[in-house]
Amino acid sequence: MTATAWDQRYLEGRDGWELGQAAPPLQQFLNEHPLSPKPPGRVLVPGCGRGHEARLLAGLGFSVTGIDISTEALREARRLDQPGVSCQWLQLDVLDPVALNKEGLAAASMIGVVEHTCFCAIDPARRGAYARSMGTLVAPGGWFLGLFWCHSRSGGPPFGSQPEQVNGLLESVGFEAAVWGPAQGGLPSRDNEWLGLWRRRS
Ligand SMILES: C[S@@+](CC[C@H](N)C(=O)[O-])C[C@H]1O[C@@H](n2cnc3c(N)ncnc32)[C@H](O)[C@@H]1O
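Residues numbered from 1 in each chain as written. Predicted model: local features only at pLDDT ≥ 70, side-chain atom pairs only at ≥ 80, totals over all residues.

Caption draft 1: Highlighting the overall build of the protein. Assigned secondary structure in the protein consists of 7 helices and 7 strands. Order of helices (α) and strands (β) in the protein, N terminus to C terminus: α-α-β-α-β-α-β-α-β-α-β-α-β-β. The C-alpha atoms of the protein give a radius of gyration of 15 Å, which matches the 17 Å a tight globule of 202 residues would have. Its C-alpha atoms put the protein at 40 × 40 × 35 Å along the principal axes. Classification of the 202 residues of the protein by burial places 41% in the buried group. At a minimum sequence separation of 6, the contacts of the protein that also span at least 24 residues come to 68%. (Helix = DSSP H or I, 4+ residues; strand = E, 2+ residues; numbered from the N terminus. Rg over C-alpha atoms; globule rule 2.2 N^0.38 Å. Buried ≥ 20, exposed ≤ 12 C-beta atoms within 10 Å, placed from the backbone. Contact = placed C-beta atoms within 7 Å.)

Caption draft 2: Up close: the site of the ligand. Taken together, 21 residues lie near the ligand, and Trp6, Gly47, Gly49, Ser70 and Ala121 sit nearest. Class assignment of the residues belonging to the shell around the ligand gives a composition of 12 nonpolar, 5 polar and 4 charged. (Near = placed C-beta within 6 Å. Nonpolar A, V, L, I, M, F, W, Y, C, P; charged D, E, K, R; others polar.)

Caption draft 3: Spatial organisation of the packing of helix α1 (residues 3-12) against helix α4 (residues 71-79). At their nearest, the axes of α1 and α4 sit 7 Å apart, and the two run at 45° to each other. Judged on the interaxial angle alone, α4 and α1 are oblique. Residues Trp6, Asp7, Tyr10 and Leu11 of α1 lie in contact with α4, whose contacting residues are Thr71, Glu72, Ala73 and Glu76. Considered class by class, the residues forming the contact of α1 with α4 number 4 nonpolar, 1 polar and 3 charged. (Axes fitted to C-alpha atoms, helices over the stretch in contact; angles between N-to-C directions. Parallel < 35°, antiparallel > 145°, perpendicular 65-115°, else oblique.)

Caption draft 4: Region of interest: the nonpolar core. Counting residues in each nonpolar core, the largest one holds 54 residues, and the members touching the most others are Val43, Leu44, Leu57, Val64, Val113 and Phe144. Looking at this core element by element, the count peaks at 7 residues for strand β5 (residues 138-149). Each residue touching valine 64, except ones within four places of it in the same chain, is listed here: Val43, Val45, Ala54, Leu57, Ala58, Cys87 and Gln88. (Core = buried A, V, L, I, M, F, W, Y, C linked by C-beta atoms within 7 Å.)

Caption draft 5: Molecular detail of the sheet that holds β5. Taken in spatial order, the 7 strands of this open sheet run β3-β2-β1-β4-β5-β7-β6, and their pairing is mixed. Strand pairing shows two members of the sheet lacking a second neighbour, β3 (87-91) and β6 (175-182), which therefore form its edges. Pairs of neighbouring strands in the sheet enclose a mean axial angle of 15°, with direction left out of account. Summarising the sheet, strand β4 (residues 110-116) and β5 pair through 6 bridges and their orientation is parallel. Along β5, the bridge assignment pairs glutamate 115 with glycine 146. On the sheet, helix α7 (residues 163-172) packs against β5, β6 and β7 (193-200) and is oriented at approximately 165° with respect to β6. (Pairing = 2+ DSSP bridges.)

Caption draft 6: α4, seen in detail. Where α4 is concerned, the buried positions are Glu72, Ala73, Leu74 and Ala77. Among the structural elements, α1, β2 (63-68) and β3 are those in contact with the buried residues of α4.

Caption draft 7: Spatial organisation of the pairing of β4. Burial of β4 is extensive: 7 of the 7 residues sit out of reach of the surface. One ladder, built from 2 bridges, connects strand β1 (residues 42-46) with β4; its direction is parallel. Its bridge partner being in β4, leucine 44 is matched across the sheet by valine 113. Handedness of the crossover joining β4 and β5 through helix α6 (residues 127-137) is recorded here as right-handed. (Right-handed = clockwise from strand over helix to strand, strands pointing away.)

Okay, structure coming up:
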């Protein structure tokens, strides 16, 4: 889908993905899991939408950059900004390494990435480009935390995926799974969500 098509969805309220908060399994993991990444460090939220995950991370003490292809998504993210919880919002295509680099998102510039429903928004044919982008941006020793909707329905977005595909893709760009399994605490409407934490090989 193009940026304009995503803008239309926001403007028309066709935003069935919207939870009004950071995804509960990610909140739970970041707040409670013994392997949860800890601040400080710069973290990217790709396809950040209204920015719920970005604000959660900023509240935990990370320095957060939320990027989205849609002007309307970022307008909403800025509208929801909270006093004392500061994020950087940039309009960028996660699949465009030249534009990312130009805006300061250079190779190894991030300690981590938090993924939530950006991967499933991207055409499956472009998933290799998404994974390469993530592998490039995260510094060696850094991490990738993702909540993936591994449903099997045809069409999309949200495009489905299989757990072994997701792990294989991330492994192919230098990540190694520390956690990868069915998510805890997800909403009933999101069947078969998987949560993973990968570390970038040094
Ligand atoms: C399903 S929404 C999810 C938004 C947010 N992550 C959430 O969970 O509420 C997908 C988001 O990814 C954005 N997006 C789609 N393709 C993108 C791309 N290539 N680069 C950056 N953002 C993209 C869309 O504009 C949209 O805001």
